[in-house]
Amino acid sequence: MGGTGTASAAGARLDALFAADDIWSAVFALAEEAPAGLPDAIGARYGRAPKDRRRYLSWLLGALGEQAVPVFLSLLGTVGGDGPGAIDGDDARELLGTAVQRRLELPPAELHRLAGELGATEPLVDAMGLSGDPGFVPFLDGLLDDERLRGRAALALGRLGARERTTAIARRLPGLTGLDHATFVVALELLGDPAAIPHLLRVLAEGRVPAWDAHHALVALTGQDPLLPLTPPDGDHDEALRRAWARRSPEHRPAPSIGPLVLDSPRRAHFALDDGRGRVRIDYDPPAPGSSWPRWDKSLRIDGERVYHVGSDCGTCETTLGLLGWPPRTARTGADRLRAALADVDELGAGVLDALAPVVEELPSGHYRAHLLDLGLERVTDPAASWTARRHGLRGDDERYGGEPCDDWPGTGHFQLRDRVPGEVPTYGVLLPSQPLDALDADTVARHASAIAAGRRPTALALAWVEDNYVEAEYPERFLVAAVLDGHHRLAAHAAAGVPARVLLLSRAEDNRGPEGGWSTAFDEVLGRL
């Protein structure tokens, strides 16, 4: 707790918020500064503040994190009272929702008390799921048939790891549709319980609901990943999914199968991968607490770790790239052979493609292209120099950010195309490292620099996809995004020498889908201009 002086100073800053021309900008600035005594100052003013101001105070309290939990509890403790500063059920739901969105854990005893005061509400159910307390399982189980709260209850049970409720959740799948069906399937994914597998297979076989969610859960629970046609002959993707799983035994995981490898040109090839291990993949994150969408955010995962947040399926949202953590440095089968094959590559002969097999097998099943490209790259260490920030000035929307630089930095130094990709739609290229660039070995970089100066082209390997967005339904924009799988030192040497870097890009159609399920037009246009 802050002293009287710090609380008074924080209170004065807080009172000044509501005289600002842009209250939210002032709130964000105060949250970033977080002066001493601010949580107590918010608590002292919340109950006396007009209703239309309390949402700002609630958000600000949430932004302060764990230090604000005592104030949340103090305010929630006044629910149902009639004294000065007491809050009502609407305020309690607002505060609970903020705590949930910030993933703050509130004491189970307080949540039990609020259940008696408020009854079952969405933020209270979400908070129970974050509590880690199995004592809430019976209460949540009783909500699985409540049309308003059943999805939240299922997710809460999933977050609590209540595997004793796996069958109860799975048995309800045939009677659900839309978001409720997807939410119950995601709850089963959170539980990670193999007991759900026969229920999911039955849902697929009966064909009464869309099949994709059940397929996604089966991949997660069985470790199997059957290759599906990009465009089924009859156009029925659900039927293709049903056929794929009908031929399988959940207990037997087939080995990855690549092929055939087809050269389209000396620098371009395509192939399919069946039963890929998926250790390197783009996939949905668990749903954010408080969100109405069971599947939204996506991340690039390597060896089980979320490495980069890479946005969502939203076609009008910004391309967002954020480092979440570095993957473990594990030895890869065939690494020496791969690096030898990539030491000096001029075309995609059989030796190169064969050497890629150990890496390809770690990818998810799908239809792939391999492109051997020379890319004019620069190494970026200044956030303002990254395309992720510069795009705002180039499209003329800096005014939305008050002239301040936009904080869209991916969180780490990276490589990017020196120039925009030609074309009517503004298009940028970013190569994200899978290890910190400031830890690269200087001698290794120098060795590759010598090879480059001698006319050789040591080649890097990356997994690539194209983001094609119409931001805010106003700004068309594309990003070629690539995650470096091998060759960070080679890229650094090329960038330092100012020589176009030779990069072998692997791209998966399923990460670049067009409207008919095949390769997107945007992908073909961007890659065709490099």
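Here the structure is shown first, and the text comes after it.
Procedures and definitions
Residues numbered from 1 in each chain as written. Predicted model: local features only at pLDDT ≥ 70, side-chain atom pairs only at ≥ 80, totals over all residues. Heavy atoms only, no water. Salt bridge = Lys/Arg side-chain N within 4 Å of Asp/Glu carboxyl O. Helix = DSSP H or I, 4+ residues; strand = E, 2+ residues; numbered from the N terminus. Buried < 20%, exposed > 50% of the residue type's maximum accessible area, 1.4 Å probe, protein only. Disulfide = S-S within 2.5 Å. Contact = heavy atoms within 4.5 Å. Arc of directions from axis to C-beta. Phe/Tyr/Trp six-rings, centres within 6.5 Å; stacked < 30°, edge-to-face > 60°. Lys NZ or Arg CZ within 6 Å of the ring centre and 35° of its normal.

## A look at the pattern of salt bridges
So, step 1. Evaluated as defined, the whole model comprises 42 salt bridges.
So, step 2. For D374, the salt bridge goes to R267, with nearest N and O atoms at 3.4 Å. Residue D374 is found in strand β8 (residues 366-375), and its partner R267 is found in the loop between β2 (262-265) and β3 (268-274); the two are separated by 107 residues along the sequence.
So, step 3. Residue D374 is classed as partly exposed on the basis of its relative accessible area, which comes to 36%.
So, step 4. Each of R277, R279, D303, E361 and E362 takes part in salt bridges that share partners, so that together they form one network.

## Some remarks on the state of the cysteines
So, step 1. Following the criterion strictly, the structure yields 1 disulfide and no others.
So, step 2. Between the sulfur atoms of C314 and its disulfide partner C317 the distance amounts to 2.3 Å. The disulfide joining C314 to C317 has a torsion of about 80° about its S-S bond and is therefore right-handed.

## Section: the environment of H112
So, step 1. Looking at the secondary structure, you find H112 in helix α7 (residues 108-118).
So, step 2. When its relative accessible area of 43% is taken as the criterion, H112 is described as partly exposed.
So, step 3. Along the chain, H112 and R248 lie 136 residues apart, while their C-alpha atoms are 45 Å from each other.
So, step 4. Apart from the residues lying within four places of it in its own chain, the contact partners of H112 are D133, G135 and F136.

## A closer look at helix α3 (residues 38-46)
So, step 1. All of the buried residues along α3 are L38, P39, A41, I42 and Y46. What you see down the axis of α3 is that its buried residues fit within an arc of 160°, all on one side.

## Things to note about the environment of P138
So, step 1. Relative to the helices and strands, P138 is located in helix α9 (residues 137-141).
So, step 2. A relative accessible area of 60% places P138 in the exposed class.
So, step 3. In this structure the C-alpha to C-alpha distance between P138 and L176, which are 38 residues apart in sequence, comes to 21 Å.

## Quick word on the packing of aromatic side chains
So, step 1. Per the stated rule, a full pass over the model turns up 11 aromatic pairs.
So, step 2. Between W387 and Y428, the ring centres sit 5.0 Å apart and the planes meet at 35°, which makes this aromatic pair tilted. Here W387, found in helix α19 (residues 387-395), pairs with Y428, found in strand β11 (residues 427-432); they are 41 residues apart in sequence, far enough to count as distant.
So, step 3. We classify W387 as buried; its relative accessible area is 3%.
So, step 4. Classification of Y428 by relative accessible area gives buried; the value is 1%.
So, step 5. An angle of 40° between the planes, with centres 4.7 Å apart, marks the rings of W519 and F523 as tilted. Accessibility classification places W519 together with F523 in one group, the buried group.
So, step 6. Taken together, the ring pairs in this structure connect F18, W24, F28, Y56 and W59 into an aromatic cluster.
So, step 7. Above the face of the W519 ring, R369 is positioned so that its terminal group lies 4.1 Å from the ring centre.
So, step 8. The ring of Y475 is capped by R395, whose NZ or CZ atom sits 4.9 Å from the centre of that ring.

By themselves, these are just geometric observations and shouldn't be taken as functional.
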